[in-house]
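Residues per chain, in single letters:
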Amino acid sequence: MTGKERNYTLIGMPASGKSTVGVLLAKRLGFSFVDVDIVIQEKEKRLLKEIIAQEGIDGFMAVENRINASLDADRSVIAPGGSVIYGKEAMEHLREISTIVYLKLSYEDVKKRLGNLVDRGVVLKDGMTLLDLYNERVPYYERYADITVDETGQTVGETVDYLRDLIEKRLGL
């Protein structure tokens, strides 16, 4: 396995299934699963909401960028937070160590899956709506993606099967 094929990083909007798809995909590939939100909490010894409350959104994104930029993984499916795409150093590092997979979801599906934003841990800057966030982030996801998977009308299982088959072909398995 070459460098980029050793890991797969899932990017996408909150509720796009990065963690759910990531766990199942890792299991089917025999890879480890890395939930970067948990890594951040372990390294910072604080919950994400505590980091945001103490340092603000920009401070949180600086922490997120730093930790993603130094992530060490091998034969892993990596699920960073949806805002990882704002961290230049983080994305450069993730592109070096992994193939970037964009889990694409329509705005309507994101809205439906998210329900109550606060309960899902989605933080919006003052005056920003979910639609604003969606429209702001999609170009970043598209720019960084090596592979785009359109999840519209797909179950989690169908998305995982599609990715597993695609990755196994890329790895020659």
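Our subject is the structure that appears above.
Residues numbered from 1 in each chain as written. Predicted model: local features only at pLDDT ≥ 70, side-chain atom pairs only at ≥ 80, totals over all residues. Heavy atoms only, no water.

**Describing the pattern of salt bridges**
Next, step 1: Going through the model one piece at a time under the given rule, you end up with nine salt bridges.
Next, step 2: For the salt bridge of Asp 161 with Arg 28, the shortest nitrogen-to-oxygen distance reads 2.2 Å. Highlighted residues: Asp 161 in helix H7 (residues 156-171) and Arg 28 in helix H1 (residues 18-29), separated in sequence by 133 residues.
Next, step 3: Classification of Asp 161 by relative accessible area gives partly exposed; the value is 29%.
Next, step 4: Across the salt bridge formed by Lys 112 and Asp 109, the nearest N and O atoms sit 3.8 Å from each other. With a gap of three residues between them, Lys 112 and Asp 109 both fall in helix H5 (residues 107-114), about one helical turn apart.
Next, step 5: Residues joined in a network through salt bridges with shared partners are Arg 28, Asp 161, Arg 164 and Asp 165. (Salt bridge = Lys/Arg side-chain N within 4 Å of Asp/Glu carboxyl O. Helix = DSSP H or I, 4+ residues; strand = E, 2+ residues; numbered from the N terminus. Buried < 20%, exposed > 50% of the residue type's maximum accessible area, 1.4 Å probe, protein only.)

**A closer look at unusual backbone geometry**
Next, step 1: One non-glycine residue, Ala 15, lies in positive phi territory at about 80 degrees.
Next, step 2: For Ala 15, the location among the structural elements is in the loop between strand S1 (7-11) and H1.
Next, step 3: Of note in the backbone geometry, Lys 45 takes a positive phi value of approximately 55 degrees without being a glycine.

**Description of the nonpolar core**
Next, step 1: Residues Ile 11, Ile 78 and Leu 94 are the most contacted members of the largest nonpolar core, which totals 36 residues.
Next, step 2: Every element with two or more residues in this core is listed here: helix H2 (36-44), helix H3 (48-69), helix H4 (88-97), strand S4 (99-104), H5 and helix H6 (130-144).
Next, step 3: With near-sequence residues (within four places) excluded, Ile 78 lies in contact with Asn 7, Tyr 8, Thr 9, Leu 10, Val 34, Val 36, Leu 71, Ala 73, Leu 94 and Ile 97.
Next, step 4: One finds Tyr 8, Phe 31, Ile 147 and Leu 163 within the second-largest nonpolar core, a separate group that totals 15 residues. (Core = buried A, V, L, I, M, F, W, Y, C linked by side-chain atoms within 4.5 Å. Contact = heavy atoms within 4.5 Å.)

Honestly, that's just the spatial picture; any functional story needs more than this.
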